[in-house]
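Examination of the molecular architecture
Chain by chain, the residues run as shown.
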Amino acid sequence: MTPVAIPLALLDQFAAAGFARLELGVLQPAEPFLDVMGEELRQRMFLTSDADGREMCLRPDFTIPAALAHIAGGDPARAASYAYAGPVFRHGANGGEVAQIGVESFGRLDRLAAETEVLALAVEAAQALGLPSPAIRLGDRALVDAAVGALDAPASLKRRLKREIAHGGSIDTLTTPQRAEESGHAGLFAALEAAGPDAARGVIEDVLSLAGIAAVGGRTPAEIAERFIERAANRSAAIPAAQRQTLRSFLAIDDAAPAALNRLKEILGPGPQISVFEERLDAFSGAGLPVDRMRFSSRIGQGLDYYDGLVFELARYDGADPVGGGGRYDGLLGALGAQAAAPGVGFALWLDRFGAGS
Ligand SMILES: N[C@@H](Cc1c[nH]c[nH+]1)C(=O)O
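Please read all numbers here as calculations on a predicted model, not as lab measurements.

**Regarding the overall build of the protein chain**
- On a plain count of helices and strands, the protein chain comes out with 16 helices and 12 strands.
- Its C-alpha radius of gyration of 21 Å places the protein chain within 12% of the 21 Å reference for a compact globule of 358 residues.
- On the principal axes, the C-alpha backbone points of the protein chain span a range of 60 × 60 × 45 Å.
- A total of 358 residues make up the protein chain; the buried ones form 46% of that total.
- Restricting the contact set of the protein chain to residue pairs at least 6 apart, pairs at least 24 apart contribute 71%.
- For the protein chain, the accessible surface area stands at approximately 15,700 Å², while carbon and sulfur atoms represent 55% of it.
- Each charge class in the protein chain was averaged separately, 33 positive and 45 negative side chains, and the resulting centres sit 4 Å apart.

The structure is reproduced here in structure tokens:
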């Protein structure tokens, strides 16, 4: 593949907006990515090991190394903004190597203002790269959490539902009590359920170890055991039909942002997350962003587990593949081991998706 030139003028523009350039290594310890990116990207990582046997990877993303550099640089709760550009590596994407340019902003407690500035900067960057009026699609992981959180269901099922939604999967198999694929293994699941989580975990880990299995599809034996136990618990969980319908209606929202706000109010009723969403649209339009032309979709997720609030995508036109995206990740620094939590929001554009004819 032909390397894409880094648009240095754009990095200067980011620097002028307060986002200092960060140089990050291509080769990174794999563990933080395995921990917080989510399964979909985990399976697309280029993994290797160093001389001491430590698992390493070619960075599949800049957000995590930027967060680690921020943590290493001092009090994680301090406000700091960074910009970066260069290749990231994911199996299946353009031969495995794709150039990104992006920014991350950590520690800003004026959340709406930070989100607005980051989205505005993403739009300006797309314009500088040749898209005068990119289509903008919004989502909100906090709304998904609220919709799933309201269900009468075990916590493990809620976790799986959130994961499935974030990765664009179907919720039908999960919300239907007896999964077809599992009816053939009813005895095994009943035994695991009866044994209780600790004994079940021990048995599964022992079986895998006896079979000499250290990891399958990027999952460790402990994670595999966790999945089995969740499945056993979820087998008998029945979400009331009315709640299932509410979740379906919520997930079906894909509309112009102002109309979507009305649908959200109808379906989920008033709540803090809806207010945040409403205030966000006001802040966007106050900054001159074209809210009437933005779409909201409950299901936009980009396959990254660390997002926990606003998510957005930019595209050449409505319905086209995204040329970039970003979102809020208030839990990321904590998940990476920072002593203090701090909010964060950022975006990255895929440079190979801009340019003549693309
Ligand atoms: N790292 C994300 C983009 C992003 C940057 N900041 C927040 N999100 C990606 O590769 O898709």
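Now, onward.
**Observations regarding the site of the ligand**
- Around the ligand, 16 residues are found, and the nearest of them are D61, T63, R90, E104 and Y307.
- Separating a nitrogen atom of the ligand from a side-chain N or O atom of E104 is a distance of 2.9 Å.
- One of the backbone nitrogen or oxygen atoms of F347 is found 3.2 Å away from a nitrogen atom of the ligand.
- Here the ligand has 300 Å² of accessible area as a free molecule, and 96% of this is covered by the chains.
- Listing elements by their share of the shell around the ligand, those giving two or more residues are β6 (97-106), β11 (322-328) and β12 (344-350).
- Along the lines of polarity and charge, the residues of the shell around the ligand split into seven nonpolar, six polar and three charged.

**Quick notes on the sheet that holds strand β4 (residues 55-58)**
- Sheet architecture is open: three strands sit in the order β2-β4-β3, paired in antiparallel fashion. The open sheet has two edge strands, β2 (27-29) and β3 (46-49), and neither has a second partner. Taken over all neighbouring pairs, the strand axes of this sheet differ in orientation by 40° on average, direction set aside.
- Of the strand pairs in this sheet, β3 and β4 are connected by four bridges, and their pairing is antiparallel.

**Observations regarding helix α1 (residues 8-16)**
- Of all the positions in α1, only L10, L11 and F14 are classed as buried. Taken down its axis, α1 places every buried residue within 100° of arc, on the same side. Facing away from the buried surface of α1 by more than 90 degrees, the exposed residues are L8, A9, D12 and A16.
- Residues of α1 that are buried make contact with β1 (20-21), β5 (80-89), β6, α5 (111-128) and β12.

**Overview of helix α13 (residues 241-251)**
- Here α13 has its buried residues at L247, F250 and L251. Buried residues of α13, seen end-on, are gathered within an arc of 95° and therefore sit on one face of the element. Facing away from the buried side of α13 by over 90 degrees, the exposed positions are A241 and A242.
- Those residues of α13 that are buried are in contact with α6 (141-149), α7 (155-166) and α14 (257-268).

How each quantity is defined
Residues numbered from 1 in each chain as written. Predicted model: local features only at pLDDT ≥ 70, side-chain atom pairs only at ≥ 80, totals over all residues. Heavy atoms only, no water. Helix = DSSP H or I, 4+ residues; strand = E, 2+ residues; numbered from the N terminus. Rg over C-alpha atoms; globule rule 2.2 N^0.38 Å. Buried < 20%, exposed > 50% of the residue type's maximum accessible area, 1.4 Å probe, protein only. Contact = heavy atoms within 4.5 Å. Areas by Shrake-Rupley, 256 points an atom, 1.4 Å probe, with all protein chains shown as cover. Lys, Arg positive; Asp, Glu negative; His and termini not counted. Charge placed at Lys NZ, Arg CZ, Asp CG, Glu CD. Near = heavy atom within 4 Å. Polar contact = N/O pair within 3.5 Å; in protein donor to acceptor, adjacent residues only side chain to side chain. Nonpolar A, V, L, I, M, F, W, Y, C, P; charged D, E, K, R; others polar. Pairing = 2+ DSSP bridges. Axes fitted to C-alpha atoms, helices over the stretch in contact; angles between N-to-C directions. Arc of directions from axis to C-beta.

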